[in-house]
Amino acid sequence: MRRWNGWGDAAVSYPLPDSAAAVLTQRVGPGIPPRDASLAEVLASVPPSRLPPHPLVSTEPEVRLRHARGQSFPDLIVMRSGRVPAFPDGVAFPRNSEEVRALFSCARDAGARLIPYGGGTSVVGHVNVAPGDAPVLTVSLEHLQQLHSLSEEDRLATFGAGVSGPQLEDALRARGYTLGHFPQSFELSTLGGWIVTRSRGQQSLGYGRIENLFTGGRLESPAGTMVLPSFPASATGPDLRELVLGSEGRMGILTEATVRISPRPEREDFHALFFPDWERARTAVRELVQSGTPLSMLRLSTAQETAINLALSGHPRMVGLLSGALSLWGVGSEGCMLVLGVSGSQRTVESAEHTAMGIAGRHGGVRIPLLGQKWLKGRFRAPYLRNAAWERGWGVDTVETATSWSNVPRLLTAVEGALRGALEDQGEQALVFTHLSHVYPTGSNLYTTFIFRLGTDAGETHARWLALKTAASRAMIANGGTISHQHGVGTDHRPWLEAEKGALGLSAIRQLLGTFDPEGLLNPGKLV
Ligand SMILES: Cc1cc2nc3c(=O)[nH]c(=O)nc-3n(C[C@H](O)[C@H](O)[C@H](O)COP(=O)(O)OP(=O)(O)OC[C@H]3O[C@@H](n4cnc5c(N)ncnc54)[C@H](O)[C@@H]3O)c2cc1C
């Protein structure tokens, strides 16, 4: 069963290794384990529902509690402390488009607002219920998970948009195909959520971003139904798929989505390489992506992240042996680790690896056997460590942005610097480190993790997080970064949107949302 106050399956936990706790104690100070509220305590605070009974709607307190928040750091604070400011008045579980339309009528009759809910893995407040006078009906799309059609000839598959990552890949695997979209939230997030938040998978370099995979679908909006046909290409004016991508549940509910699929790769390899320093590593990665070599993934850690990941791995003896071996190859304390993925036919993989290792080698890159496969094994594990760190008294969160290659050094320095200094006036420190997880011929995303001590209560912890998040967001906007490369806007990035889109751009987005949802029924307060 899913954890109600943290990430993932409640039966799965990865304790923080003692050696990792020692590193955190040394770098940010000893954590003070917080007292978490129990499920029973939080359930006792769920108020009576303001919605009339409806056959599609559950008003059970535990169901409402489990759909009240997403997975952002503020969501974690609220759930762990038990101080939840608002709950949905009910959660609906429609099974088809017709039932989704019936819910719009139900919301109108009850004066309610609707929040579409995919996997609830948003990290920017997308699915949160804000306190207010209008009742709130959260619409879980978990029953819309069927594979409706799969055409091998067209390489297209149509799914219910509430299908989760594992359900989708299982259905495709049974027919010899894959979508190849693997965000770190894969086990819980959904196809509809990926599309309307413009998500990125770890292997998007090879399989394409969700924008390239989403070819059409069906959107139920309060103003009517919009069907998006799957043409291979079309020149009929603006592409309506672009309106749905990034619409964050404000335009309508995507009930079906058609996606491009690929045959399962004959071979898939992941390699770990180490470079002597950041400058050489970054240049190698830029050259790799600009060379057009068919790779599925390039994920480059700075020297700081490389050192911290090794220190936090909980295997000090192995790390010692690795460091010794690397130093023989000229990689010392400034070493930067790259994970490089290749998927495809035997021949494609061999040829791509040959080219990639040649480029990497010219910049001093050294391949360490087995480490790439180890990364693959643990690729969805990191979020579980956030639960464990919280329980030991440390907060872990991330910020992400993107910019052109020439601006990467400036933006990286600015964001990391802002985070390191954000808690200085409170006498606290943040441990900060970055990797480039999605690269393009023109630039890269920057994904920065920060770790800090929890406060003595929820209010103090939230104030620390807010100081960190605000400092990083300001630095992004002031230094040529986007406010989000992959997590979307929700509520947490909304204040920064105008700086990026401009007043005219924002007004155009508002008008668009008004066309599809003139009464403002859907997901109020998110995106704009
Ligand atoms: C541990 C962790 C790791 C993550 N890793 C990544 C990553 O690698 N890459 C990445 O891009 N993101 C990542 N995320 C962020 C998150 O998983 C993505 O934003 C994801 O796309 C959200 O999908 P979801 O189904 O959970 O949507 P939800 O969180 O349920 O909803 C997100 C938004 O989409 C709307 N929505 C959902 N489904 C529909 C629908 N069918 N129709 C209309 N609106 C809908 C909701 O109203 C809401 O506004 C991560 C999050 C966590 C917690």
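Structure first, text after, so check above.
Bear in mind that the values here come from a model prediction, so they are computed numbers and not experimental data.

**Q** Looking at this structure, how should I read the packing of aromatic side chains?
**A** To describe a pair of aromatic rings, you give the distance between the ring centres and the angle between the ring planes. Applying the stated criterion across every chain, the model contains 7 aromatic pairs. An angle of 75° between the planes, with centres 5.6 Å apart, marks the rings of Tyr-14 and Tyr-384 as edge-to-face. Note that Tyr-14 is positioned in the segment before helix H1 (18-28) and Tyr-384 in helix H16 (residues 382-391), a separation of 370 residues in sequence. The exposure class assigned to Tyr-14 is partly exposed, which follows from its relative accessible area of 28%. Judged by centre distance (5.5 Å) and plane angle (20°), the rings of Phe-186 and Phe-380 are stacked. Taken together, the positions of Phe-186 in the loop between strand S7 (177-178) and helix H7 (191-197) and Phe-380 in the loop between helix H15 (371-377) and H16 put the pair 194 residues apart, joining distant regions of the chain. Among the residues examined, Phe-186 registers a relative accessible area of 10% and is labelled buried. For Phe-380, a relative accessible area of 22% puts it in the partly exposed group. Members of the aromatic cluster, joined through ring pairs, are Phe-73, Trp-390, Phe-450 and Phe-452.

**Q** What am I meant to see in the sheet that holds strand S15 (residues 366-368) here?
**A** Sheet strands pair by backbone hydrogen bonding; their relative direction is either parallel or antiparallel. Taken together, the 7 strands give an open sheet; going across it, the order is S15-S12-S14-S13-S17-S18-S16, and neighbouring strands pair in antiparallel fashion. Each having just a single partner strand, S15 and strand S16 (394-404) make up the two edges of the open sheet. When strand polarity is set aside, the average angle formed by the axes of neighbouring strands in this sheet is 25°. The sheet contacts of H1 involve S16, strand S17 (431-436) and strand S18 (443-453), and relative to S16 the element is tilted by about 75°. Along the sheet, helix H14 (residues 346-362) contacts strand S12 (267-275), strand S14 (336-344) and S15; its crossing angle with S12, the most-contacted strand, is approximately 5°.

**Q** Would you explain the pairing of S14 in this entry?
**A** For S14, the buried fraction is high: 9 of the 9 residues fall into the buried class. Taking every second residue as pointing to the same face, both faces of S14 are buried, with Cys-336, Leu-338, Leu-340, Val-342 and Gly-344 on one and Met-337, Val-339, Gly-341 and Ser-343 on the other. The sheet contact formed by S12 and S14 spans 9 bridges and is antiparallel. Considered in S14, the bridge of Phe-270 is made with Gly-341. By the bridge criterion, 4 bridges tie strand S13 (residues 297-301) to S14 in an arrangement that is antiparallel.

**Q** What is the right way to read the nonpolar core from this model?
**A** Counting residues in each nonpolar core, the largest one holds 52 residues, and the members touching the most others are Leu-298, Leu-338 and Leu-340. For this core, the element with the most residues is helix H18 (residues 458-478), which contributes 7 residues. Ignoring any residue separated from it by four or fewer positions in sequence, one finds Leu-338 in contact with His-271, Ala-272, Leu-273, Phe-275, Val-285, Leu-288, Leu-298, Arg-299 and Leu-300. Ala-157, Val-163, Tyr-177 and Leu-213 belong to the second largest nonpolar core, which has 35 residues in total.

**Q** So what exactly am I meant to see when it comes to the site of the ligand here?
**A** In the neighbourhood of the ligand, 35 residues make up the surrounding shell, with Pro-116, Gly-118, Thr-121, Ser-185 and Thr-190 lying closest. Backbone polar atom of Gly-118 to an oxygen atom of the ligand: 2.7 Å apart, as the coordinates give it. Within the backbone of Gln-184, an N or O atom sits 2.8 Å from an oxygen atom of the ligand. With the chains in place, 97% of the 970 Å² that the ligand exposes on its own is no longer accessible. For the shell around the ligand, the secondary-structure elements that each account for two or more residues are strand S3 (113-117), H7 and strand S10 (253-260). For the shell around the ligand, the leading source of residues is H7, giving 5 residues. Partitioning the shell around the ligand into residue classes produces 13 nonpolar, 20 polar and 2 charged.

**Q** What is the right way to read helix H5 (residues 97-110) from this model?
**A** Spanning 14 residues, H5 covers 20 Å between terminal C-alpha atoms, matching the ideal 20 Å at 1.5 Å per step. Three or more residues of H5 are buried, namely Ser-97, Glu-99, Val-100, Leu-103, Phe-104, Cys-106 and Ala-107. Seen from one end, H5 has its buried residues packed into an arc of 165°, which puts them on one side. Relative to its buried face, H5 has exposed residues pointing more than 90 degrees away, namely Glu-98 and Asp-109. Looking at the buried side of H5, the elements it contacts are strand S1 (57-58), strand S2 (90-92), S3, strand S4 (136-140), strand S8 (214-221) and S10. Its side-chain oxygen 3.2 Å from the backbone nitrogen of Glu-98, Asn-96 forms the N-cap of H5. Downstream of H5 by a residue or two, Gly-111 has a phi angle that is positive, lying close to 65°.

Parameters and conventions
Residues numbered from 1 in each chain as written. Predicted model: local features only at pLDDT ≥ 70, side-chain atom pairs only at ≥ 80, totals over all residues. Heavy atoms only, no water. Phe/Tyr/Trp six-rings, centres within 6.5 Å; stacked < 30°, edge-to-face > 60°. Helix = DSSP H or I, 4+ residues; strand = E, 2+ residues; numbered from the N terminus. Buried < 20%, exposed > 50% of the residue type's maximum accessible area, 1.4 Å probe, protein only. Pairing = 2+ DSSP bridges. Axes fitted to C-alpha atoms, helices over the stretch in contact; angles between N-to-C directions. Contact = heavy atoms within 4.5 Å. Core = buried A, V, L, I, M, F, W, Y, C linked by side-chain atoms within 4.5 Å. Near = heavy atom within 4 Å. Polar contact = N/O pair within 3.5 Å; in protein donor to acceptor, adjacent residues only side chain to side chain. Areas by Shrake-Rupley, 256 points an atom, 1.4 Å probe, with all protein chains shown as cover. Nonpolar A, V, L, I, M, F, W, Y, C, P; charged D, E, K, R; others polar. Expected span 1.5 Å × (residues − 1). Arc of directions from axis to C-beta.

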